[in-house]
Amino acid sequence: MNGESSKPQQKVWEFWDTQPVPKLGDTVDEIGKIEPDREDVRQTPFSLPSGFDWDTLDLSSQSQLEEVYKLLNENYVEDEDNMFRFDYSADFLQWALRPPGWVQDWHCGVRVKKNGLLVGFISAVPAMIKVYDRRQRMVEINFLCVHKKLRAKRVAPVLIREITRRVNQRGIFQATYTAGVLLPKPVAKCRYFHRPLNPKKLVAIKFSHIGRNQTMQRLLKLMRLPEEPQIKGLRLMENKDVPACHQLLTTQLAKFSLSPVFMPDEVAHYFIPRDGIITTYVVENENNVVTDMASFFTLPSSVMHNSEHSTMKAAYSYYTVATSVSLKDLVKDMLIMAKKTQHDVFNALDLMDNQTYLKDLKFGMGDGNLHYYLYNFKCPEMSEKQVGLVLQ
């Protein structure tokens, strides 16, 4: 393919060129809606290819929840070499998809008419998002997934149109989402970094490699961590900590150009620890004041083609606020706690203030980017350090 026509901005985006998003080559210098809110929202669902039907999933039903995670676990994001695939659990999806204000209609599925098999899914959850100095009621779009056998049928654009219609019906016209792929047009680009906690296993499953001039012994020594956390007053977050954590998050997230604005009930939902899903620690000083907080969520990946290991347990850095200790020391204690709970690797994006500790704490750069997008909302591009939003 010649260099000219393969430039992304010259590509014809059959779907995205019809949507209220900036083009890849555009320079944006203002902040605000691209299209005005619609008065006349379409009342009927978009039409699917023949042989398929829409369905709204009820995630309080164990069997429907299982259908969603089976679809995701067999067809959702894989790395390029097909070696690892996210392994969502039912409880994780309950946590991610049923925050305060969740709408059942926004758990949108596609089924095969003949046998009822779930072959497509997309979700939206409500969020207040701050873009530079503007607050906007939006949804976060996540878990767009189409069965591998249906990829040629262009079902994904119909899923996006349909979730947009359902969200519009509730008076919301803006969204945010992330993707590894480049689409028109990212507001920011971040990168994943990985910190091995169980280097031996990571090498065995080919997630990590032993470098030249490196041996397993040296690698183990290099990655060794203390057995116990070092910060005095570190403990798991409890219900009573919600107001303090809400205050810490509000102050911290105001510093960034793309960030959520959490309400106290959202802080309770997203941060109170749930076994094997979300882990949040606070630091409480001798005056019983909560001064710091740190959190990570747990998302295992299935390991393909390995006889010894079938799963890799990964921790993902979520939101962390350091005021009485350094961010580096706080995250180091999270590495220690994650290792104690049998996590194999600790992942973090280079957003917020994370770049201040990645090197010192021996994180290695991953391959591939995570792009941040806004739908029907434009703003100037920002650096990864200005991003204060983490989606599951």
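Residues numbered from 1 in each chain as written. Predicted model: local features only at pLDDT ≥ 70, side-chain atom pairs only at ≥ 80, totals over all residues. Heavy atoms only, no water.

A few words now on the overall build of the protein chain. Across its full length, the protein chain holds eight helices and 18 strands. Here the C-alpha radius of gyration of the protein chain, 21 Å, is about what a compact globule of 392 residues would show, namely 21 Å. Taking the principal axes of its C-alpha atoms as reference, the protein chain extends roughly 60 × 50 × 50 Å. Burial status across the protein chain gives 52% buried among its 392 residues. Across the protein chain, contacts joining residues at least 24 apart in sequence account for 75% of those joining residues at least 6 apart. Total accessible area on the protein chain stands at roughly 18,900 Å², and carbon and sulfur atoms take up 49% of it. (Helix = DSSP H or I, 4+ residues; strand = E, 2+ residues; numbered from the N terminus. Rg over C-alpha atoms; globule rule 2.2 N^0.38 Å. Buried < 20%, exposed > 50% of the residue type's maximum accessible area, 1.4 Å probe, protein only. Contact = heavy atoms within 4.5 Å. Areas by Shrake-Rupley, 256 points an atom, 1.4 Å probe, with all protein chains shown as cover.)

Time to look at helix H7 (residues 264–271). Every buried residue of H7 is accounted for by Glu 266, Val 267, His 269, Tyr 270 and Phe 271. Seen from one end, H7 has its buried residues packed into an arc of 165°, which puts them on one side. (Arc of directions from axis to C-beta.)

Looking now at the sheet that holds strand E14 (residues 311–312). Taken in spatial order, the three strands make up an open sheet running E3-E13-E14, and their pairing is antiparallel. Each having just a single partner strand, strand E3 (84–86) and E14 make up the two edges of the open sheet. Inspection of the sheet shows strand E13 (residues 301–303) paired to E14 by two bridges, in the antiparallel sense. Its bridge partner being in E14, Ser 302 is matched across the sheet by Thr 311. (Pairing = 2+ DSSP bridges.)

Where helix H1 (residues 62–75) contacts helix H2 (residues 90–97), the two axes come as close as 9 Å, and the packing angle between them is 95°. Put simply, H1 runs roughly perpendicular to H2. On the side of H1, the interface is formed by Gln 62, Leu 65, Val 68, Tyr 69 and Leu 72, while H2 contributes Ala 90, Leu 93 and Gln 94. The class makeup of the residues in the contact of H1 with H2 is six nonpolar, two polar and no charged. (Axes fitted to C-alpha atoms, helices over the stretch in contact; angles between N-to-C directions. Parallel < 35°, antiparallel > 145°, perpendicular 65-115°, else oblique. Nonpolar A, V, L, I, M, F, W, Y, C, P; charged D, E, K, R; others polar.)

Further remarks concern the nonpolar core. Residues Phe 143, Leu 258, Phe 271, Tyr 319 and Tyr 372 are the most contacted members of the largest nonpolar core, which totals 72 residues. Discounting chain neighbours no more than four positions away, the residues touching Tyr 372 are Tyr 177, Thr 178, Pro 186, Val 187, Ala 188, Cys 190, Leu 258, Leu 349, Leu 351, Val 387, Leu 389 and Val 390. Among the nonpolar cores identified, the runner-up in size contains 33 residues, and Trp 16, Val 119, Ile 122 and Val 146 belong to it. (Core = buried A, V, L, I, M, F, W, Y, C linked by side-chain atoms within 4.5 Å.)

Once that is clear, we can look at unusual backbone geometry. Across the junction of Pro 184 and Lys 185, the peptide omega takes the value -20°, indicating a cis bond. Looking at the element boundaries, Lys 185 is found in the loop between strand E7 (175–179) and strand E8 (188–196). Although it is not a glycine, Arg 154 sits at a positive phi angle of roughly 55°. Relative to the helices and strands, Arg 154 resides in the loop between strand E6 (134–146) and helix H3 (155–169). We note that Lys 362 has phi near 70°; this positive angle belongs to a residue other than glycine.

The next subject is the pairing of E8. Consecutive side chains of a regular strand alternate in pointing toward one face of the sheet and then the other. Relative to strand E17 (residues 364–375), E8 runs antiparallel, the two being bridged by six bridges. Its bridge partner being in E17, His 194 is matched across the sheet by Gly 364. The pairing of E8 with strand E16 (residues 345–349) spans five bridges and is antiparallel. Each bridged residue has a counterpart across the sheet, and for Phe 193 the counterpart in E16 is Ala 348.

Taken by themselves, the reported measurements are silent on function.
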